[in-house]
Amino acid sequence: MLYALIGNDMANSPERRTAAHAGHLARLAAMTNEGRLVLAGPFPALDAENPGEGGFTGSLVVAEFSDLAAAQQWAAADPYVLEGVYASWEVRPFQPVSP
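In what follows, the accompanying structure is described. (Residues numbered from 1 in each chain as written. Predicted model: local features only at pLDDT ≥ 70, side-chain atom pairs only at ≥ 80, totals over all residues. Heavy atoms only, no water.)

Focus: the packing of aromatic side chains
- In this structure the tally under the stated criterion is 3 aromatic pairs.
- On the basis of an interplanar angle of 65° and a centroid distance of 6.4 Å, the ring pair of Tyr 3 and Phe 65 is categorised as edge-to-face. Separated by 62 residues along the polypeptide, Tyr 3 in strand E1 (residues 2-9) and Phe 65 in the loop between strand E3 (56-64) and helix H2 (68-76) bring together distant segments of the chain. Take Tyr 3 and Phe 65: they sit in the same class, and that class is buried.
- When the ring centre of Trp 74 is taken as origin, the NZ or CZ atom of Arg 27, which lies over that ring, is 4.1 Å away.
- When the ring centre of Phe 65 is taken as reference, the NZ or CZ atom of Arg 36 above it lies at 5.0 Å. (Phe/Tyr/Trp six-rings, centres within 6.5 Å; stacked < 30°, edge-to-face > 60°. Helix = DSSP H or I, 4+ residues; strand = E, 2+ residues; numbered from the N terminus. Buried < 20%, exposed > 50% of the residue type's maximum accessible area, 1.4 Å probe, protein only. Lys NZ or Arg CZ within 6 Å of the ring centre and 35° of its normal.)

What follows is the structure, given as structure tokens:
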């Protein structure tokens, strides 16, 4: 089943986000190689592809997991969670309807 992992950045998170970025991307690459990642990306703070100093307000990951507990465990071990990038995060079951 698919799950949406939604992280909301803490204020002034750019330094922490930069420090944890490589580890976060490595975990996403591993899921891509396993064929489980549907999409992932940040929420820009500004309405622009490159928000510059505005940074990001959070992230979304949609991926396949065996169950909710496995999705929550993966999220809890993510570098963005461990390094305090997110002020809050949640995992929800996700059911795509289109396309």
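Let's talk about the pairing of E1
- Among the 8 residues in E1, 7 count as buried, and that is most of the element.
- Bridge analysis of E1 against E3 gives 7 bridges, and the strand direction is antiparallel. Residue pairing in the sheet places Asn 8 in a bridge with Gly 58 of E3.
- For E1 and strand E4 (residues 86-94), the ladder comprises 8 bridges, and the chain directions are antiparallel. Along E4, the bridge assignment pairs Asp 9 with Tyr 86. (Pairing = 2+ DSSP bridges.)

What is shown is where atoms sit, not what they do.
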